[in-house]
Amino acid sequence: ASTNALLNSLEFTRANFEKDAERHFIMQVVCEATQSEEVQVKVAALQCLVKIMSLYYQYMEAYMGQALFAITLEAMKSETDEVALQGIEFWSNVCDEEVDLQIEASEASEAGRPPEHVSRFYAKGALQFLVPALMSSLTKQDEYDDEDDWNPCKAAGVCLMLLATCCEDDIVPHVLPFVKDNIKHADWRHRDAALMSFGSILEGPDPAQLKPLVEQAMPMLIELMKDGSVVVKDTAAWTIGRVCELIPEAAINPATLQPLLEALVIGLASEPRVASNVCWAFTSLADAAYEQADCGDEEETPATYSLSAFFSPIVEKLLWTTDREDAGASNLRAAAYEALMEMVKNSPKDCYDTVQKTTVIILQRLQQVLQMESHIQSQSDRVQFNDLQSLLCATLQSVLRKVEPAHAPAISDTIMTALLQMFQSSTQTRSGGVQEDALMAVATLVEVLGDGFIKYMDAFKPYLLIGLKNTAEYQVCHAAVGLVGDICRAMGGRVAQWTDEVMEVLLSNLGDNSVHRTVKPQILSVFGDIALAVGPEFRKYLEHVLQTLMQASQAQVDRSDYDMLDYLNELREGCLEAYTGIIQGLKGDGTSPSPDLSIVQPHVSYIVQFITVVARDSEHSDASVAASAGLIGDLCAAFGRDIVQLLDVEPISDLLTAGRRSKTTKTKTLSTWATKEVRKLKNATSTAP
């Protein structure tokens, strides 16, 4: 009990740890308790050491060599799981601390100052003792292991990954001999441990040093995908997935690509846990092959890539996998759809045929699923039904983005009909998740069709309004608000016939205190999109909107709460974007600004004052600098000379200077442009008669 009391109070004992004598006493008591015969006392004392290590790393040098190293290494080798777990956890914590200290050291050297705390490199020094102990834990798996049980075997895998991140290249020579000696071992536990340790060290060491080792290992990894033990197959698939994610050049290597893909496709028919890891490997592989493809332009789709010859059979097999009877196990169905989405998203031009066929299949499935609605009996059926709709919706988005604009209208009717049916049923059953996914799918359709979407607006508007009013499930509301912005950008002035009702809901949401805070900044920004789309028509909302913007721009938050500071920045970005849209929309496209601008004239000095508030706030975000710069440039273009005196003040010129030095291209470009606009006006004013 007393050891547990100490464990719970460690965070409050900083003052004691800062005094040598008191610290020595605490450490002596804890170290002695770790030698207790009673398991509970031993475990509690080790837990104290684990926590002390992460709280008081800087004070541990005196105890590490004398006591802690021996105590924790002995614990790692214990036959009692709870004891071994704490020993492993101790070293995982050491790695976490030392990785943070490395980051601190590199940030300090970039800034040209000494770091506050330095690493003592305990993990590096202990590698030769830690790695064999971890390897031995890795060979103690249970054949029928429950995924949720935490045991020394799993903890050792995590600790090894942390060691690799922390010690980088130094870990490789300690692990490789074990891999070589055990990868063909007669006992499946040893084969599995060898795979696990190989997969665990792929992140951390220099990829250039690992690549030849991985290339050499690939045939063996492929071979182990056919192992007699399902545990080994599972770990082999996981390791291949790690290779595809971290050292993809070794996987896309022409020498092993075909046998690798054949093994993976066969693996999709394996047990769900294996197939699920195979799906993840495909996800990373598709991404890597697309990255590597020859492509003249960043934006352009490459003509072909290394997976082209295999693309169609892989997609076919993934579609088959999503339909497996047991696809509910090990999250397999979702993993297979995820892999399918990545394959489609990262597909070159010569696979377009398959993408089109996949679009049709996904649509057919969506229609079939929607017909199942009437057969739903239980709550678990309902959950499965909703999950499936969401997965199909997400997949539909990724295929839609790949469909060429010329081909989109041919399928858009079927898609919209299915989506409207989803809105109808999810509104009745209050399934917010499905509504959100369907709204996102509509957004993709708007993106692909542009103003061709107009023919669906009358049928879709009731559901858009339901989404906007769904403030209880704020993600749905958030998606609906974002969609209003997309529709405005796609259709321009043609949205004017629907904006009255939309504006009414948006204004009422802003005034409603029960609406979740993430939605409000986005609503403000969408006012800008609407103003930009409808131009002078926006006059009728102006008084209300400017009043609202004035209130929102004066919001104050608790500055010690980082989440609230982020929210304040988002609110301000929303206000700045709204002002920008309003000014651009009223100014019109003509060479000289439209007379409609005169309505905003009285508010200009307030707008500039607001920009100054943002500029003076030391916590302003990069995005708020970009939005301010954009607004400054637009004010110059709209109001010309009248505005120079307002803008030519120190906080604003400091803000633009900071913006020009930003690492974000958008902020840099906008700040440079705004600076030029202000300068042009100043020159014109100074030369004026």
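Up top is the structure these notes are about.
In this text the structure is predicted, and so the values were computed from the model without any measurement.

(A) Quick peek at the packing of aromatic side chains. Counting across every chain of the model gives twelve aromatic pairs. Ring geometry for Phe453 against Phe460: centres 6.1 Å apart, planes inclined by 80 degrees, an arrangement best described as edge-to-face. Overall, Phe453 belongs to the buried group, its relative accessible area being 0%. Ring geometry for Phe538 versus Tyr541: centroids 5.4 Å apart, planes at 75 degrees, classification edge-to-face. When the ring centre of Trp320 is taken as reference, the NZ or CZ atom of Lys317 above it lies at 4.1 Å. Over the ring of Tyr567 we find Arg517, and its NZ or CZ is 5.8 Å from the ring centre.

(B) Spatial organisation of the pattern of salt bridges. For the coordinates displayed, the defined rule picks out 26 salt bridges. Lys455 is the salt-bridge partner of Asp413, the closest N and O atoms lying 3.2 Å from each other. Of this pair, Asp413 sits in helix H20 (residues 408–429) while Lys455 sits in the loop between helix H21 (432–449) and helix H22 (457–469), and the two are 42 residues apart along the sequence. A salt bridge links Asp529 to Arg489; the shortest N-O distance between them is 3.1 Å. In this pair, Asp529 sits in helix H25 (residues 519–534) while Arg489 sits in helix H23 (residues 474–491), placing the two residues 40 residues apart along the sequence. Relative accessible area serves as the criterion here: at 53%, Arg489 is assigned to the exposed category. One network of salt bridges, with partners in common, ties together Asp486, Arg489 and Asp529.

(C) A look at the packing of helix H18 (residues 352–372) against H20. Direction vectors running N to C along H18 and H20 enclose 30 degrees, while the axes themselves pass 10 Å from each other. As summarised for this structure, H18 and H20 are arranged roughly parallel, according to the angle between their axes. In the crossing of H18 with H20, the sense of the turn from one axis to the other is left-handed. Of the residues in H20, those in contact with Thr359, Leu363, Leu366, Gln367 and Leu370 of H18 are Ile411, Thr414, Ile415, Ala418, Gln421 and Met422. Its residues assigned to classes, the contact of H18 with H20 shows seven nonpolar, four polar and no charged.

(D) View of empty space enclosed by the protein. Enumeration according to the criterion identifies two cavities of 30 Å³ or more in this entry. For the largest cavity, the full set of lining residues is Met457, Leu464, Val484, Ile487, Cys488, Val495, Trp498, Thr499, Val502 and Ile530. Elements with a minimum of two residues in the lining of the largest cavity: H22, H23 and helix H24 (499–511). A class-by-class count of the residues in the lining of the largest cavity yields nine nonpolar, one polar and no charged. Its volume calculated, the second largest cavity comes out at about 40 Å³.

(E) Quick peek at unusual backbone geometry. A positive phi angle is found at Phe121, which is not glycine, with a value near 55 degrees. With respect to the element layout, Phe121 can be found in the loop between helix H6 (81–111) and helix H7 (122–138). For Ser330, which is not a glycine, the phi torsion comes out positive at approximately 50 degrees. For Ser330, the location among the structural elements is in the loop between helix H16 (308–322) and helix H17 (332–345). With a relative accessible area of 26%, Ser330 lands in the partly exposed category.

Rules of the game
Residues numbered from 1 in each chain as written. Predicted model: local features only at pLDDT ≥ 70, side-chain atom pairs only at ≥ 80, totals over all residues. Heavy atoms only, no water. Phe/Tyr/Trp six-rings, centres within 6.5 Å; stacked < 30°, edge-to-face > 60°. Buried < 20%, exposed > 50% of the residue type's maximum accessible area, 1.4 Å probe, protein only. Lys NZ or Arg CZ within 6 Å of the ring centre and 35° of its normal. Salt bridge = Lys/Arg side-chain N within 4 Å of Asp/Glu carboxyl O. Helix = DSSP H or I, 4+ residues; strand = E, 2+ residues; numbered from the N terminus. Axes fitted to C-alpha atoms, helices over the stretch in contact; angles between N-to-C directions. Parallel < 35°, antiparallel > 145°, perpendicular 65-115°, else oblique. Left-handed = near helix turned anticlockwise from the far one by under 90°. Contact = heavy atoms within 4.5 Å. Nonpolar A, V, L, I, M, F, W, Y, C, P; charged D, E, K, R; others polar. 1 Å grid on protein atoms, 1.4 Å probe; cavity = no way out; pocket = protein on both sides within 12 Å on 5 of 7 lines; lining within 4 Å. Points joined across faces, edges and corners; volume = space filled by probe spheres on them.

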